[in-house]
Structure formats: C-alpha cells, structure tokens
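As a plain string of letters, each chain reads:
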Amino acid sequence: MGAKKQTLNFEESLTRLEEIVRHLEKGDLPLNDSLTLYEEGTGLIAACSKLLDEAEQKVVKLKKGPDRSPIELEFEDENSHES
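Residues numbered from 1 in each chain as written. Predicted model: local features only at pLDDT ≥ 70, side-chain atom pairs only at ≥ 80, totals over all residues. Heavy atoms only, no water.

Engineer: Looking at this structure, how should I read the environment of Glu 18?
Structural biologist: With respect to the helices and strands, the residue Glu 18 is situated in helix H1 (residues 10–26). For Glu 18, a relative accessible area of 42% gives the class partly exposed. (Helix = DSSP H or I, 4+ residues; strand = E, 2+ residues; numbered from the N terminus. Buried < 20%, exposed > 50% of the residue type's maximum accessible area, 1.4 Å probe, protein only.)

Structure, rendered in structure tokens:
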C-alpha cells in the first residue's frame, strides 16, 4: 500500500473509498494496514465533501434572480414530485 501523491477527481475518490470499505469489512488485514486504509479513507471523505461543497457553490452561483442576485433553490428529489 504505497502512498499516492496524486489528486483524484470525485469519481476516482469515491471508487477508491469503496475499495477501502470492502477491504476493511473483510476484517482480515493486519491492524497497521487497517489503520493506514482508515486514514486514507477519512482523507478521501474530506476531499469528496470539499468537492461537493464547491460544486454546490457553483450551482448556487449560476442561479441568479431577476436583479442578478443569487437565488438559492432547494435541490429536488426525483421521488418528491407529486402529480
């Protein structure tokens, strides 16, 4: 498990996080390896959270009202539409 110093995009980070979870759920790794994976996973969670926050800010910034001031709209859940 070599340390990677590259920046992953959101999808790559999520895929790596899923791999880490699978390894940790198996429970067959030595403690030190489990801790290393756990630390990597917490870093990936923080990075994904930051990327999501940045994406949300871009969406809010792109939505402007009639006076050009930003309008923050709720994100609609596909299942919440009532006909």
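Back to the text.
Engineer: Any chance you could explain H1 here in plain terms?
Structural biologist: Because each turn of an α-helix spans 3.6 residues, side chains separated by three or four positions end up pointing in the same direction. Here H1 contains 17 residues, and its C-alpha end-to-end distance of 25 Å stays within 8% of the 24 Å for a straight helix at 1.5 Å per residue. Within the sequence span of H1, burial applies to Ser 13, Arg 16, Leu 17 and Ile 20. The buried residues of H1 occupy one face: seen down the axis, they fall within an arc of 105°. Opposite the packed face of H1, turned more than 90 degrees from it, sit the exposed residues Glu 11, Glu 25 and Lys 26. For H1, the N-terminal capping position is held by Asn 9, with its side-chain oxygen 3.1 Å away from the main-chain nitrogen of Glu 11. (Expected span 1.5 Å × (residues − 1). Arc of directions from axis to C-beta. Polar contact = N/O pair within 3.5 Å; in protein donor to acceptor, adjacent residues only side chain to side chain.)

Engineer: Just checking my understanding: could you explain the pattern of salt bridges for this structure?
Structural biologist: Once their charged atoms are close, side chains differing in charge can pair, the charge on each being opposite to the other. What the rule picks out here adds up to three salt bridges. Residue Glu 19 is joined to Arg 16 by a salt bridge in which the shortest nitrogen-to-oxygen separation is 3.1 Å. Of this pair, Glu 19 and Arg 16 are both found in helix H1, three residues apart, which corresponds to roughly one turn of the helix. Taking relative accessible area as the criterion, Glu 19 reaches 30% and is therefore assigned partly exposed. (Salt bridge = Lys/Arg side-chain N within 4 Å of Asp/Glu carboxyl O.)

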